[in-house]
Amino acid sequence: MMTQEKTQTRVPSAALFKFNLRDAGTLIGLLIIVVTFSFLSPVFWTLPNLLNILQQSSINAIIALGMTLVIISGGIDLSVGPTAALSAVLGATLMVAGVPVPLAVMATLGVGALCGVFSGTLVAYAGLQPFIVTLGGLSLFRALALIFTNGNPVFGIPMEFRNLVNSTVFGVPTPIIVVVVIALFLWVVMNKTPLGEYILAVGGNEEAARVAGVPVKRTKVTVFVISGVLASLAALILIARLGAAEPTIGNLWELDAIAAAAIGGASLMGGKGSIVGTLIGAVILGALRNGLTLLNIQAFYQLLATGLIIIIAMLIDRATRGK
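Source: prediction; values computed, not measured. (Residues numbered from 1 in each chain as written. Predicted model: local features only at pLDDT ≥ 70, side-chain atom pairs only at ≥ 80, totals over all residues. Heavy atoms only, no water.)

Draft legend 1. Representation of the overall build of the protein. What the protein contains, in helices and strands, is 14 helices and four strands. Relative to its length of 323 residues, the protein is compact, with a C-alpha radius of gyration of 20 Å against a globular reference of 20 Å. Along the three orthogonal principal directions, the C-alpha set of the protein runs to about 60 × 50 × 35 Å. By the burial criterion, 50% of the 323 residues in the protein qualify as buried. (Helix = DSSP H or I, 4+ residues; strand = E, 2+ residues; numbered from the N terminus. Rg over C-alpha atoms; globule rule 2.2 N^0.38 Å. Buried < 20%, exposed > 50% of the residue type's maximum accessible area, 1.4 Å probe, protein only.)

Here it is, written out as structure tokens:
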């Protein structure tokens, strides 16, 4: 019986994480947006602007990749923005105090991991709903960031760190390369390791996964830890770009991340998602905002366009599920 259950969890994994028709449809949507804005603005289809779109999308892409794993497992993480803020101010404080950059970076990522352990433990072992736990974490982590800094930004980020993050490799900004490396790593995890099968199995049918011998609780904690670490990594990229860490950064990051994952084909009911699709979804949001900005469209219309795209993505998801 156990062997049969495990075999059944392997089939959806192969089906959901290849570059399938759903990913192809998302890519077509991106191409339509790119072609449209290329005609409307001559600046849009230039190499500097395209690199700018990818670089601006990098932070959301990193957050969204972690969010995708949580969503696939049947959860949600509303605390990624405050997790990033708390990680940023603590990491920046260590750097300013003279702590070596590598140690400060590891400590920053450790803060994100601890936030993930906090949320994941309450969800997995206390049996609380992910929405409620991470909603509480949203307030808790933001409050800790504000209390730690007394509401003030942390200035003086070392140039050594800023130059490293803001560098380029063969003309490609480092944040873009970081996103590609993370995406490849998570793709391998989801396709080639038992953890990927566990995540999909837990999101698809938690009880069946438990009967099949899947470590459900440990898997839930793991995805929240990954989400927290990636939120901290995104925070590091942002503070290197800004040169300061504010306790208010990361506002609404969770919504952008959920939007990118949803556009990319992740189902908020769990059991379905795509690393490739999430990347495309993040670029769609970045390209849309960039194009509307070039056309001098006011910000609230950009929010309107984003909301419409999310709703359309959900309708497509229901249609592809045959419901």
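Next comes the rest of the write-up.
Draft legend 2. Fine view of the nonpolar core. F161 and I239 are the most contacted members of the largest nonpolar core, which totals 81 residues. With residues up to four places along the chain from it excluded, the contact list for F161 reads M95, V101, V105, L236, I239 and A240. Counting residues in hydrophobic clusters, the runner-up holds five residues, among them A201, V202, V214 and V216. (Core = buried A, V, L, I, M, F, W, Y, C linked by side-chain atoms within 4.5 Å. Contact = heavy atoms within 4.5 Å.)

Draft legend 3. Molecular detail of the side chain of N49. Positionally, N49 belongs in helix α3 (residues 47-72). For N49, a relative accessible area of 8% gives the class buried. Ignoring sequence-local partners within four residues, the contact set of N49 consists of V43, F44, N290 and L294.

Draft legend 4. Summary view of the side chain of N60. Its place among the elements puts N60 in helix α3. In contact with N60, other than residues within four places in its own chain, are D256, A257, A260, A282 and L285.

Draft legend 5. Layout of the pattern of salt bridges. Summed over all chains, the structure comprises four salt bridges. Here R210 and E207 are joined by a salt bridge, their closest N and O atoms 3.0 Å apart. With R210 and E207 both in helix α10 (residues 206-211), this residue pair falls three residues apart, about one helical turn. When its relative accessible area of 47% is taken as the criterion, E207 is described as partly exposed. Among the ionic contacts, a cluster of salt bridges with common partners joins E206, E207, R210 and K220. (Salt bridge = Lys/Arg side-chain N within 4 Å of Asp/Glu carboxyl O.)

Draft legend 6. Layout of the packing of helix α4 (residues 80-96) against helix α6 (residues 130-149). The geometry of α4 relative to α6 is characterised by a closest axis approach of 7 Å and an angle of 25° between their N-to-C directions. Overall, the two elements α4 and α6 adopt an arrangement that is roughly parallel. Here the hand of the crossing between α4 and α6 comes out left-handed. Each of G81, P82, T83, A85, L86, V89, L90 and T93 in α4 lies in contact with α6, whose residues at this interface are G137, L138, F141, R142, L144, A145, F148 and T149. (Axes fitted to C-alpha atoms, helices over the stretch in contact; angles between N-to-C directions. Parallel < 35°, antiparallel > 145°, perpendicular 65-115°, else oblique. Left-handed = near helix turned anticlockwise from the far one by under 90°.)

Draft legend 7. A look at α6. Helix length check: α6 (20 residues) gives 28 Å between terminal C-alpha atoms against 28 Å at 1.5 Å per residue, within 8%. After α6 finishes, the residue N150 shows a positive phi value of roughly 60°. (Expected span 1.5 Å × (residues − 1).)

Draft legend 8. Local environment of unusual backbone geometry. In the Ramachandran plot, F170 falls in the positive-phi region, its phi being about 55° despite a non-glycine side chain. Counting through the fold element by element, F170 comes out in the loop between β2 (168-169) and β3 (172-173). For F170, a relative accessible area of 85% puts it in the exposed group. Of note in the backbone geometry, N296 takes a positive phi value of approximately 60° without being a glycine.

Draft legend 9. A look at the packing of helix α8 (residues 174-192) against helix α11 (residues 216-242). Contact geometry for α8 and α11: axes closest at 11 Å, N-to-C directions at 170°. When the axis of α8 is compared with that of α11, the two are roughly antiparallel. Contact with α8, carried on its side by P175, V178, I182 and L186, involves L230, L233 and I237 of α11 and no other residues of that element. For the contact of α8 with α11, the per-class residue count stands at seven nonpolar, no polar and no charged. (Nonpolar A, V, L, I, M, F, W, Y, C, P; charged D, E, K, R; others polar.)

Draft legend 10. View of the packing of aromatic side chains. Applying the stated criterion across every chain yields a total of three aromatic pairs. On the basis of an interplanar angle of 35° and a centroid distance of 5.6 Å, the ring pair of F37 and F44 is categorised as tilted. A ring pair is formed by F118 and F141, whose centres lie 5.9 Å apart and whose planes are at 70°; its orientation type is edge-to-face. Residue F118 is located in helix α5 (residues 101-124), and its partner F141 is located in helix α6; the two are separated by 23 residues in the primary sequence. Taking the relative accessible area as the measure of exposure, F141 reaches 4% and is therefore buried. (Phe/Tyr/Trp six-rings, centres within 6.5 Å; stacked < 30°, edge-to-face > 60°.)

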